[in-house]
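Residue-level structure breakdown
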Amino acid sequence: MAIFRQLSLGAKAALAAGTVFVSMIVSRSYLTGSLELKAWHWLFRLQLALFANSLMLIGSLYIWRSTVSNLSHSSAAESACFQLWKMAVVAFLALAHSSFFTMLFLVAEEPYLFSLAAYACLGAYIIMLFFLCTLSGMEQAYQLVAWRSGRVVSSLDKARKLALRPALAVMVTTVLSVAGLLNAAQPPAVNTVQVPIHQLPPSMNNLKMALLSDIHLGPTVGKTKMEMFVRMVNMLQPDVTVIVGDLCDSEASVLRTAVAPLGQLHSRLGTYFVTGNHEYYTSDVSNWFALLESLNVRPLHNENVKISATRAQRGSGGGDGEDDWICLAGVDDIEADILHYYGHGMDLVKALDGCSPDHTTILLAHQPLAAKRALQARPDINLILSGHTHAGQIFPLNVAAYLLNPFFAGLYQVAQTTFVYVSPGTAHYGIPMRLGSRAEITELILQRAS
């Protein structure tokens with residue numbers, strides 16, 4: 001205990017984060033089967049919020065030191081403006097930290113203003129922390145160059161830099177945050193992509209698919225935005241609509257009215273859905289499947305449908321002609337395996353049962369990593385549709401998303417007859433910002449390859 005007291009606040013926060021992380025691993029390994037699903041859901045969400053806040057505390061201490069503590073010895077430290085500045089920084093950090101808890105307590109048909117403010121502050125927090133660290137690194141490099149050249153940095157220069165660094169970071173954060181908020185507030189762009197498909201039946205040439213992903217109904221996305229997405233899709237008059245995961249961030253009973261507009265989707269050959277990692281975080285997948293089916297959205301739970309030019313059906317049957325159909329398959333998200341979610345997990349063999357290499361196969365798989373695994377097992381798949389990355393959503397997370405995923409955003413030609421398309425997302429997760437990315441509804445035109 002004496003050693004713990006001697007640790008710095010940053011070290012204590014890191015220790016707390018490590019402790020919560022270990023508790024998450026223990027819970028996954030030993031408590032998954034012994035707790036009721038609802039209890040497990042709350043425990044996991046609470047652990048996730050505590051873990052995120054423990055990590056954030058390290059960054060918050062750095063922001064406080066850079067924007068407040070380092071300026072407390074200046075002549076302006078006793079002024080009323082500086083006291084107001086301290087209160088503003090405290091409020092900003094408190095809102096950013098509270099964002100993860102809104103997922104537990106403030107989810108409804110439409111977003112609460114507090115949730116929007118909290119997640120907006122979280123986005124600004126990420127941007128500010130990045131630029132403070134960047135400016136600090138540049139300052140250290142400058143001092144190293146000055147030291148090597150034998151030039152002495154005066155105390156006046158140091159004082160100016162201590163004030164200049166947070167001022168620059170705040171200005172950049174404000175500008176980028178406003179730009180990100182305005183970008184995310186716009187309707188998603190409609191991106192039309194033509195994809196050449198090997199063995200596509202002549203009767204299905206120019207088949208139109210609408211692709212949605214990562215809507216994230218929850219603290220900052222509600223019914224109004226869902227109604228807008230449905231109107232935009234219906235204007236495209238798609239033959240098929242697919243939703244490739246991360247539709248929701250809470251239980252079906254909480255978001256029932258928010259998701260109801262999906263029942264107004266008009267797709268001639270059906271609307272289909274596969275799970276993303278966030279569906280499993282809700283621990284309510286069975287109820288979501290039932291709700292979606294009531295809205296005429298068909299979940300593909302490691303299964304497939306055969307789609308012809310005039311109809312779609314389950315099983316091994318085709319369309320009106322023996323070869324006049326394509327196989328649309330969907331797999332569970334790979335996070336189900338990690339969470340040991342009973343009855344779920346990516347099962348490619350089951351999903352592609354009856355999908356012959358002699359027919360066009362299109363696979364819905366939420367994560368690009370799942371797409372990569374599917375192609376390693378079945379390189380004959382013609383097209384895989386994924387999401388998950390959000391194209392990074394905001395800077396600097398774009399860089400991490402690019403490095404951590406085998407496919408980032410857009411259309412990839414993996415082989416002569418194989419393509420992967422990764423949607424940048426139709427809305428946003430939590431933070432109502434987009435920087436370096438744009439929300440999108442994708443209109444895929446399948447064209448018979450020559």
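Anyway, here's the lowdown on the structure attached to this text. Counting of residues starts from 1 at the beginning of each chain's written sequence and follows it residue by residue. Residues qualify for local features only when their pLDDT is at least 70, as the model is predicted, and side-chain atom pairs are given and counted only at 80 or more; totals for whole chains, interfaces and linings, by contrast, use all residues. Hydrogens and waters are ignored; side-chain quantities use all the structure's heavy atoms.

All right, on to the overall build of the chain then. Strands are runs of DSSP state E lasting at least two residues, helices are runs of H or I lasting at least four, and both sets are numbered from the N terminus onward. A tally of helices and strands in the chain yields 14 helices and 13 strands. Within the span of the chain, comprising 450 residues, buried residues form 51% of the whole. For the chain, long-range pairs separated by at least 24 residues make up 74% of all intrachain contacts whose partners lie at least 6 apart in sequence. To measure how exposed things are, a 1.4 Å probe is used in the Shrake-Rupley method; for residues, cover is taken only from the protein chains shown. Total accessible area on the chain stands at roughly 20300 Å², and carbon and sulfur atoms take up 63% of it. For every residue, the accessible area obtained with a 1.4 Å probe (protein chains only) is divided by the maximum for its type, and the residue is called buried under 20%, exposed over 50%, and partly exposed between those limits. By definition, residues are in contact when any of their heavy atoms lie within 4.5 Å.

It is worth spelling out the packing of aromatic side chains at this point. Aromatic rings from Phe, Tyr and Trp, taking only the six-membered ring of Trp, are treated as a pair when their centres fall within 6.5 Å; an angle between ring planes under 30 degrees marks them as stacked, one over 60 as edge-to-face, and anything in between as tilted. The full count for this structure, using the stated rule, is 6 aromatic pairs. Ring centres of phenylalanine 131 and phenylalanine 395 lie 6.4 Å apart, and the angle between their planes is 45°; on these two criteria the pair is classed as tilted. Placement of the pair is phenylalanine 131 in helix H5 (residues 113-148) and phenylalanine 395 in the loop between strand E10 (383-386) and helix H14 (397-404), with a sequence separation of 264 residues. Look at phenylalanine 395 and you get partly exposed, because its relative accessible area is 32%. Clustering of aromatic rings is evident, with ring pairs tying together Phe130, Phe131 and Phe395.

Any two strands between which DSSP finds at least two bridges are classified as paired. Spatially, E1-E13-E2-E3-E4-E5 is the arrangement adopted by the 6 strands of the open sheet, whose pairing is mixed. Each edge of the sheet is formed by a strand with only one pairing partner; in this case those strands are strand E1 (189-197) and strand E5 (297-299). Across the sheet, the mean angle from the axis of one strand to that of its neighbour is 25°, orientation sign disregarded. Of the pairings in the sheet, the one linking strand E2 (residues 207-212) to strand E3 (residues 240-244) comprises 4 bridges and is parallel in character. Pairing of alanine 210 across the sheet is with threonine 241, part of E3. Only C-alpha atoms enter the line fits that serve as axes; for helices the fit covers just the stretch in contact. Angles between N-to-C directions range over 0 to 180 degrees. With respect to the sheet, helix H7 (residues 223-236) is in contact with E1, E2, E3 and strand E13 (440-448), its orientation differing from that of E13 by roughly 25°. Across the face of the sheet, helix H10 (residues 285-294) comes into contact with strand E4 (271-274) and E5 while running at roughly 145° to E5.

Remember that the coordinates give geometry; whether it matters functionally is a separate question.
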